[in-house]
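Close look at the chain arrangement
Okay, here's what each chain looks like letter by letter:
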Amino acid sequence: MSSTPNHVVQQFIQVLNHLEIDTVFGLVGIPIVTLANEMIKQGIKFIPFRNEQSASYAASAYGYLTGKPAVLLVVGGPGLIHSLAGIYNSISNRWPLMVIAGSNDNGQEQYKGAFQELDQISLLSGHVKFSGKLNSDNIEQILYQSYNIAIQGTYGVTYVDFPGNFIQLSNDTGETVPKLELPPVPRKIKYCPDPNTLNRVSEMIQENKNKEILVVIGKGCQESSTEINDFINTFQLPFLPTPMAKGIIRDTHPLNVSSARSLVLRNASLVIVFGARLNWILHYAESTKWNPDAVFIQCDNNPETLGHNNTEWVNYSLCGDIGLSIHGLTQILQKKQFKYRKLSNKIIEKIVLNEEKLKDLEIKQCNEAKLSYHSVYKTLRECMDLDNTFLITEGANTMDKARISFPCLHPKLRLDAGTNATMGVGLGYSIAARLYPENEDKDIVLIQGDSAFGFSGMEIETLTRLKLGVVIVIMNNSGIYHGNDPGSSTKLTEKCRYDYVAQGLGSSGHLITTRKQLKDKFNSALQAARSNGATTLLNVIIDHGGSNSVSFAWQGKSKL
């Protein structure tokens, strides 16, 4: 093989550079190692992982954070299969992702059981927005379609199949390909909602001004923070953020009714849903949690979302860019001089009561001998600069309790299991968060359960090797959900030394059994991450927890 890459590889990387793709996640093998090495030579940052699953989760989150397609590069066959977790995660969460996989496409060997042979186009075509196979004449076309389709309308996943024999072609002349004349980089097209529907919706809101109105904010509003803040502040409407929407409006805003969630859902007469689906996270808009007479007005850029679990009020749905929809609605309501009455005293009293209960619980558990979720979270919160901390939480109880313990103050400062409610995302998400340019001066903190850590713990070596500087807190209760029953399927190794694992992979690791240890080691871990990109793992031994039957908190409890 010549040291100069062949024309296919050169053209491919020219187009990637033109599309402003500066970071690629993946795991190399034959033949894509050649492609990854040439990316590095051409100024593209390649992030090599230990497992395709973690790489795919990182790429998934990176697309969400940047708002443009992240790129995942993997080998074909089993490499692509391992990456399906992150691909599905992006599909489910509606995040932009381009997947590039090498494939065995030697015509003489195809259909004979060739090395890692897999019909990858057929595997993915029914699930992704676009899939295409490269040849020597369509490189520009396929990459442009893949990039553009990933961002237009609803964000999603596209797939590019890179035949291995193209990568392995020799370059007999050693000449480079002349610079291509490429069209402009595609940008997301925004479209306005129907004006007549905007008027109908505004009339409905006006008619309900003396009833209980609730605004639900979903993660689809991340790019519309200014508009949704203006809407809430202008009309003084109570709002409820879904878990991944925390921070779009500061959690500390006086109109945030999360602390009275159950009461608010039961009493809402009109619910305006911006950028969220009426799925399991919002209890399917059903009367088991919601007011059975509630009217739901949905606003989304995906028409298939509108009317789902809401057929009765589908004609009051706003289909279009969420920011433009909110802006249009704001203008009409201002002309109508719409004014909402104050938040009811009943809701205010419930918020105060629940917040006091949480404070009392934290104080009580801080005085107990064993560490617990609330005593650990109170200690960590007091050490954090929440304005400048990007927090990733993963693990059933770990994540559920963290949602009410750590207020989020800005957009895109929080990641958790999301729509998929999957485990194993934590370390991949942490790597993506650290690489996101807007997080350069922020602390990256991952809090995960001991079970969740087990999915991707080897990626500590990736963090260490790349000097990415993340603080990892393991909430170690020796089990999945809880760990006190030796005969249960949820039991894990008692007080397993995950801190030794971190040390063996080149990072710092500490066993934590007291609040003082936690405070001291967490503060020193933050300093180490800031000063030299060091990663630290704190293995926090906490109480096992109750032995009651296992249930899924997001479905069984009314907490966000």
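Located above this text is the structure these notes cover.
The structure contained in this document is the topic of the report that follows. (Residues numbered from 1 in each chain as written. Predicted model: local features only at pLDDT ≥ 70, side-chain atom pairs only at ≥ 80, totals over all residues. Heavy atoms only, no water.)

Quick look at the overall build of the protein chain
- Looking only at helices and strands, the protein chain has 21 helices and 17 strands in total.
- Taking 560 residues into account, the globule formula puts the C-alpha radius of gyration at 24 Å, and the protein chain, at 25 Å, falls close to it.
- Seen through its C-alpha atoms, the protein chain measures out along the principal axes to roughly 80 × 60 × 45 Å.
- Among the 560 residues that make up the protein chain, the fraction classed as buried is 57%.
- For the protein chain, the share of sequence-separated contacts (at least 6 apart) that also reach a separation of at least 24 residues comes to 76%. (Helix = DSSP H or I, 4+ residues; strand = E, 2+ residues; numbered from the N terminus. Rg over C-alpha atoms; globule rule 2.2 N^0.38 Å. Buried < 20%, exposed > 50% of the residue type's maximum accessible area, 1.4 Å probe, protein only. Contact = heavy atoms within 4.5 Å.)

Let's talk about the side chain of Asn310
- Structurally, Asn310 can be placed in the loop between strand 10 (295-300) and strand 11 (318-319).
- You can call Asn310 buried: its relative accessible area is 4%.
- Filtering out sequence-adjacent residues up to four positions away, Asn310 remains in contact with Leu278, Phe296 and Gln298.

A short note on the packing of helix 3 (residues 52-66) against helix 16 (residues 426-435)
- Their axes nearest at 7 Å, the elements helix 3 and helix 16 cross at an angle of 40°. By the angle class used here, helix 3 and helix 16 are oblique. Pair helix 3 / helix 16 crosses with right-handed handedness. Along its contact with helix 3, which presents Ser54, Tyr57, Ala58, Ala61, Tyr62 and Leu65, the element helix 16 presents Gly428, Tyr429, Ala432, Ala433 and Leu435.
- Taken together, the residues of the contact of helix 3 with helix 16 break down into 9 nonpolar, 2 polar and no charged. (Axes fitted to C-alpha atoms, helices over the stretch in contact; angles between N-to-C directions. Parallel < 35°, antiparallel > 145°, perpendicular 65-115°, else oblique. Left-handed = near helix turned anticlockwise from the far one by under 90°. Nonpolar A, V, L, I, M, F, W, Y, C, P; charged D, E, K, R; others polar.)

Digging into the pattern of salt bridges
- This structure, assessed with the given rule, holds 19 salt bridges.
- Linking Asp400 and Arg403 is a salt bridge whose minimum nitrogen-to-oxygen distance equals 2.5 Å. Placement of both Asp400 and Arg403 in helix 15 (residues 396-405) is noted, with a separation of 3 residues, approximately one turn of the helix. As far as the burial class goes, Asp400 and Arg403 line up, both buried.
- Residue Arg465 pairs with Glu461 through a salt bridge whose shortest N-O separation is 2.9 Å. Of this pair, Arg465 and Glu461 both sit in helix 18 (residues 460-465), 4 residues apart, which is roughly one turn of the helix.
- Ionic contacts of the salt-bridge type, sharing partners, join the residues Arg50, Glu461 and Arg465 into one network. (Salt bridge = Lys/Arg side-chain N within 4 Å of Asp/Glu carboxyl O.)

Focus on the environment of Tyr64
- Turning to its location among the elements, Tyr64 is positioned in helix 3.
- Residues Tyr64 and Asn345, 281 residues apart in the sequence, show an inter-C-alpha distance of 38 Å.

Overview of the packing of aromatic side chains
- On inspection of all chains with the given rule, the structure shows 14 aromatic pairs.
- Look at Phe12 and Phe162: their rings are 4.9 Å apart centre to centre, the planes differ by 65°, and that puts the pair in the edge-to-face class. Taken together, the residues span a long stretch of sequence, with Phe12 in helix 1 (residues 7-18) and Phe162 in strand 6 (residues 157-163) at a distance of 150 residues.
- Its relative accessible area of 0% is what places Phe12 among the buried residues.
- One aromatic cluster in this structure is built from Tyr57, Tyr64, Trp95 and Tyr429.
- Above the face of the Tyr373 ring, Lys401 is positioned so that its terminal group lies 5.2 Å from the ring centre. (Phe/Tyr/Trp six-rings, centres within 6.5 Å; stacked < 30°, edge-to-face > 60°. Lys NZ or Arg CZ within 6 Å of the ring centre and 35° of its normal.)

Quick notes on the side chain of Ser372
- When you line up the elements, Ser372 lands in the loop between helix 13 (345-366) and helix 14 (373-383).
- Within the structure, Ser372 has its side chain in polar contact with the side chain of Gln365 (distance 2.3 Å).
- If we skip the residues at most four places from it in the chain, Ser372 touches Gln365, Met475 and Ile542. (Polar contact = N/O pair within 3.5 Å; in protein donor to acceptor, adjacent residues only side chain to side chain.)

Focus: a nonpolar patch on the surface
- A cluster of nonpolar side chains, Ile81, Leu118 and Leu123, forms an exposed patch at the surface whose accessible area comes to about 200 Å².
- Structurally, Leu118 is set in the loop between strand 4 (97-103) and helix 6 (120-125). (Patch = residues over 30% accessible without salt bridge, like charges linked within 9 Å, V, L, I, M, F, W, Y side chains within 5 Å. Areas by Shrake-Rupley, 256 points an atom, 1.4 Å probe, with all protein chains shown as cover.)

Details of the sheet that holds strand 5 (residues 130-133)
- Here 6 strands make up an open sheet; going across it, the order is 2-1-3-4-6-5 and the pairing parallel. Looking at which strands have only one partner, the edges of the open sheet turn out to be strand 2 (45-48) and strand 5. Averaged over all pairs of adjacent strands, the angle between strand axes in this sheet comes to 20°, irrespective of strand direction.
- For strand 1 (residues 23-27) and strand 2, the ladder comprises 4 bridges, and the chain directions are parallel. (Pairing = 2+ DSSP bridges.)

Remarks on a positive patch on the surface
- There is a patch of like positive charges on the surface, built from Arg266, Lys346, Lys350 and Lys357.
- A per-element tally of the positive patch places helix 13 first, with 3 residues.
- Of note, Lys350 is situated in helix 13.
- Overall, the relative accessible area of 30% leaves Lys350 in the partly exposed class. (Lys, Arg positive; Asp, Glu negative; His and termini not counted. Charge placed at Lys NZ, Arg CZ, Asp CG, Glu CD.)

Brief notes about the nonpolar core
- Formed by 52 residues in total, the largest nonpolar core has its most connected members in Leu415 and Ile472.
- Among the nonpolar cores identified, the runner-up in size contains 35 residues, and Val8, Val15, Leu19 and Ile139 belong to it. (Core = buried A, V, L, I, M, F, W, Y, C linked by side-chain atoms within 4.5 Å.)

Digging into the sheet that holds strand 10
- Ordered in space as 8-7-9-10-11, the 5 strands form an open sheet in which the pairing is parallel. Sheet topology places strand 8 (239-241) and strand 11 at the edges, where each strand pairs with a single neighbour.
- Sheet analysis places strand 7 (residues 213-217) next to strand 9 (residues 270-274), joined by 5 bridges and oriented parallel. Bridge pairing in strand 9 places Val215 opposite Ile272.
- This element, helix 10 (residues 225-235), spans strand 7, strand 8 and strand 9 of the sheet and lies at about 165° to strand 7.
- Packed on one face of the sheet, helix 12 (residues 322-335) meets strand 9, strand 10 and strand 11 and runs near 125° to strand 10.

Quick notes on the pairing of strand 17 (residues 536-541)
- Within strand 17, 6 of the 6 residues are buried, which leaves the element mostly enclosed by the surrounding structure.
- Side chains Thr536, Leu538 and Val540 project from strand 17 onto one buried face, and the interleaved Leu537, Asn539 and Ile541 project onto a second face that is buried too.
- In terms of strand pairing, strand 15 (residues 471-476) meets strand 17 through 6 bridges, oriented parallel. For Asn476, the partnering residue across the bridge sits in strand 17 and is Ile541.

The values reported here are purely geometric and, on their own, carry no functional implication.
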